[in-house]
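Chain residues, written in single-letter form:
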Amino acid sequence: MINRRTFSKAIGLGTGAAAVSLAGLQGVPTASAAPRRGAGAPTPVVPTVTPGTHTGFSSLKQVKAGVLNVGYAELGPSHGPVVICLHGWPYDIHSYVDVAPLLAAQGYRVIVPYLRGHGTTRFLSSRTVRNAQQSAVALDIIALMDALKIHKAVLAGFDWGSRTADIIAALWPERVKALVSVSGYLITNLEAQKQPLPPKAEHTWWYQYYFSTERGRLAMENKTDRHDLCRLVWDTVSPTWNFDDATFERTATAFENPDYAAIVIHNYRWRLGLADGERRYDRYENRLAARPVIEVPTITLDPEVDPFTAPGDGSSYRDRFTGKYVHRTLKGIGHNLPQEAPTAFARAVVDADHL
C-alpha cells in the first residue's frame, strides 16, 4: 500500500490546493463515499433515462491538484457520498452527461474530471513533461481527491478511465469505497504488450499503431485530421449507438486542449514501449507490472458489441478481483458504455456501493 507521504513526494503536491469555479472561488467541504442506509437495507432503485436526455453540465469548476489545474463538473449534494466518473479516449466528461444527474438524484456528490490533456484541464507549468503513462494519470486523480478533501470515493470509468480507476483500487485501496470498471482489469503490463495479439484484435487497435508514426502524430496535431479520426473511432467502436453530430461536437471541443495531441500520442506510444515514462513513476509501474489484485467491492461491465470486449464473459480477468464482485454484460452496447447505457451504468455504481 502506498501512503500519502510517498505520494506527495512523487508529484510535489502542496497543501494549499484551492478549488475555484469558472466564476470565482468556491468552498469545498470534506466528503467521502459511505453507505447511506443500514446494513441489509435494499439497494435504491435508479430510474430509467433515455440516452441523450441531457446535453451538458450547467457549470464547470477548476482546482489546482498536483501538476494540474483540473477542470471538472460537479453535481449533487456537497456532503453526499462521492462518486468520481472517469472518461476515456476519444471522449470527455460528456460520457457521463446522463449518468451524473441520475447519481446526484440518489444523493451522491458526483465529480467528473477532464483527464490531463483534455478540456479545461491544464498543466500548471510549461516545464512539466507531457506524460500520459498510466500511473501518472492515476496520481492525477489521487491529487484531485486530496485537493477536494475527498478521502474515499466510488470510482467508475471506461477505457482510460477504467485503467485509472483500476490502478487506484489496486495501489490505494483505502481511497476506494467501490469500483465500476468497464472491460474489467485494464492495468497495462508493458512486458505482455510486446506479444502480438490475434490478427482481428490487432486490426481493432489500428490507431495505436498509427500514433506510433510521425504521420499519426501530425494527424493528431492537425485540427481537421484529429476531428475526423476521433469521429471514425466513435463510429467503429460503438456500431449500434445512433448519436447525432451535435453529440460528437460537444465532446470534440475537449480535443482543442493545447496538450491533447502530446498526451494522446505519448499514452499509446508508452503502452507499446516506444516512449519512455518518467523515473519518478517507476515505483508504481514496478508494482503494476506484477498485476496486483483488486480487493475493493467491484462490478465489471462488458459492452457486448465493443470490438475491444474480450471473449469469455469476463473470465479472462476474473482472478484479478478478490473482493465482493459482480460481472454484467450489456447486450447491444458499444465502447462508450456510460453514454450509450446511462441507466445501466448508474445502477452499477449504486449496486457496487452497496455490495
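Nothing here was measured: the structure is a model prediction, and the numbers come from that model.

Student: Any details on empty space enclosed by the protein? Residues and values, ideally.
Tutor: Taken as a whole and judged by the stated rule, the model has 3 cavities of 30 Å³ or more. Empty space within the largest cavity amounts to approximately 70 Å³. Taken together, Ala 132, Gln 133, Gln 134, Val 137, Trp 160, Arg 163, Thr 164, Asn 267, Trp 270 and Arg 271 make up the full set of residues lining the largest cavity. Of all the secondary structure elements, the ones that give two or more residues to the lining of the largest cavity are helix H3 (134-147), helix H4 (160-171) and helix H10 (260-271). Taken together, the residues of the lining of the largest cavity sort by class into 4 nonpolar, 4 polar and 2 charged.

Student: Tell me about the layout of surface pockets, and please be specific about residues and values.
Tutor: When its volume is computed, the largest pocket comes out at roughly 1200 Å³. As for the largest pocket, its lining consists of 36 residues, and the residues nearest its centre are Leu 186, Gln 193, Leu 197, Trp 205 and Phe 308. Residue assignment for the lining of the largest pocket shows that the elements contributing at least two residues are H4, helix H5 (199-204), helix H6 (206-210) and H10. Per-element tally for the lining of the largest pocket: the top contributor is H5, with 4 residues. Here the lining of the largest pocket is built from residues that sort into 18 nonpolar, 10 polar and 8 charged. Reported here for the second largest pocket is a volume of approximately 190 Å³. For the second largest pocket, the lining is made up of 14 residues, of which Pro 51, Gly 52, Trp 241, Thr 247 and Gln 339 are closest to its centre.

Student: Describe the pairing of strand E3 (residues 68-75), listing the residues and the values that go with them.
Tutor: In terms of burial, E3 is largely enclosed, as 7 of its 8 residues are buried. Taken together, strand E2 (residues 61-65) and the strand that follows it, E3, pair antiparallel across an intervening segment of 2 residues, in which Gly 66 is found at a positive phi of about 65°. For E3 and strand E6 (residues 122-123), the ladder comprises 2 bridges, and the chain directions are antiparallel. The residue bridging Leu 68 from the neighbouring strand is Phe 123, located in E6. One ladder, built from 4 bridges, connects E3 with strand E5 (residues 109-113); its direction is antiparallel. For Tyr 72, the partnering residue across the bridge sits in E5 and is Pro 113.

Student: Quick one: what's the story with the side chain of His 266, residue by residue and with numbers?
Tutor: Inspection of the secondary structure puts His 266 in helix H10. Beyond its immediate stretch of four places on either side in the chain, His 266 contacts Arg 130, Asn 131, Ala 132, Gln 133, Ala 275 and Asp 276.

Student: Break down the nonpolar core for me, with residues and values.
Tutor: By size, the foremost hydrophobic cluster in this structure holds 107 residues, and its most contacted members are Ile 84, Trp 89, Leu 103, Phe 211, Met 220, Leu 301 and Phe 345. Here this core takes 10 residues from H3, the largest share from any one element.

Student: Outline the packing of helix H7 (residues 214-221) against helix H8 (residues 223-237), supporting the account with residue identities and numerical values.
Tutor: One way to put it is that H7 packs onto H8 with a least axis distance of 5 Å and a crossing angle of 100°. Of the possible angle classes, the one that applies to H7 and H8 is roughly perpendicular. Along its contact with H7, which presents Ala 219, Met 220 and Glu 221, the element H8 presents Lys 223, Asp 225, Arg 226 and Leu 229. Broken down by class, the residue content of the contact of H7 with H8 amounts to 3 nonpolar, no polar and 4 charged.

Student: Outline H3, supporting the account with residue identities and numerical values.
Tutor: Since the α-helix advances by 3.6 residues per turn, residues separated by three or four positions end up pointing in the same direction. For H3, built from 14 residues, the straight-helix expectation of 20 Å at 1.5 Å per residue is met to within 8% by its first-to-last C-alpha distance of 20 Å. H3 sits mainly inside the fold: 14 of its 14 residues count as buried. Phi for Lys 149, located one or two positions after H3, is positive at around 60°.

Student: Got a sec to walk through the packing of aromatic side chains? Specific residues and values, please.
Tutor: One pass over the structure, following the stated rule, counts 26 aromatic pairs. Judged by centre distance (5.0 Å) and plane angle (90°), the rings of Trp 234 and Phe 248 are edge-to-face. A residue pair is termed long-range when its members are at least 10 positions apart, and Trp 234 in helix H8 and Phe 248 in helix H9 (residues 245-252) qualify at 14 residues. Looking at Phe 248, the relative accessible area reads 0%, which means it is buried. Grouping aromatic residues by their ring pairs yields a cluster made of Tyr 91, Tyr 96, Phe 158, Trp 234, Trp 241, Phe 243, Phe 248, Phe 255, Tyr 260 and Phe 345. One cation-aromatic arrangement involves Arg 231 over Phe 248; the distance from NZ or CZ to the ring centre is 5.6 Å.

Student: Describe in detail the pattern of salt bridges, supporting the description with residues and values.
Tutor: Enumeration according to the criterion identifies 17 salt bridges in this entry. Residue Arg 231 is joined to Asp 235 by a salt bridge in which the shortest nitrogen-to-oxygen separation is 3.4 Å. Remark: Asp 235 and Arg 231 occur in helix H8; sequence separation between them is 4 residues, near one turn of the helix. A single network of salt bridges, built from pairs that share partners, joins Glu 214, Arg 217, Glu 221 and Arg 269.

Conventions we followed
Residues numbered from 1 in each chain as written. Predicted model: local features only at pLDDT ≥ 70, side-chain atom pairs only at ≥ 80, totals over all residues. Heavy atoms only, no water. 1 Å grid on protein atoms, 1.4 Å probe; cavity = no way out; pocket = protein on both sides within 12 Å on 5 of 7 lines; lining within 4 Å. Points joined across faces, edges and corners; volume = space filled by probe spheres on them. Helix = DSSP H or I, 4+ residues; strand = E, 2+ residues; numbered from the N terminus. Nonpolar A, V, L, I, M, F, W, Y, C, P; charged D, E, K, R; others polar. Buried < 20%, exposed > 50% of the residue type's maximum accessible area, 1.4 Å probe, protein only. Pairing = 2+ DSSP bridges. Contact = heavy atoms within 4.5 Å. Core = buried A, V, L, I, M, F, W, Y, C linked by side-chain atoms within 4.5 Å. Axes fitted to C-alpha atoms, helices over the stretch in contact; angles between N-to-C directions. Parallel < 35°, antiparallel > 145°, perpendicular 65-115°, else oblique. Expected span 1.5 Å × (residues − 1). Phe/Tyr/Trp six-rings, centres within 6.5 Å; stacked < 30°, edge-to-face > 60°. Lys NZ or Arg CZ within 6 Å of the ring centre and 35° of its normal. Salt bridge = Lys/Arg side-chain N within 4 Å of Asp/Glu carboxyl O.

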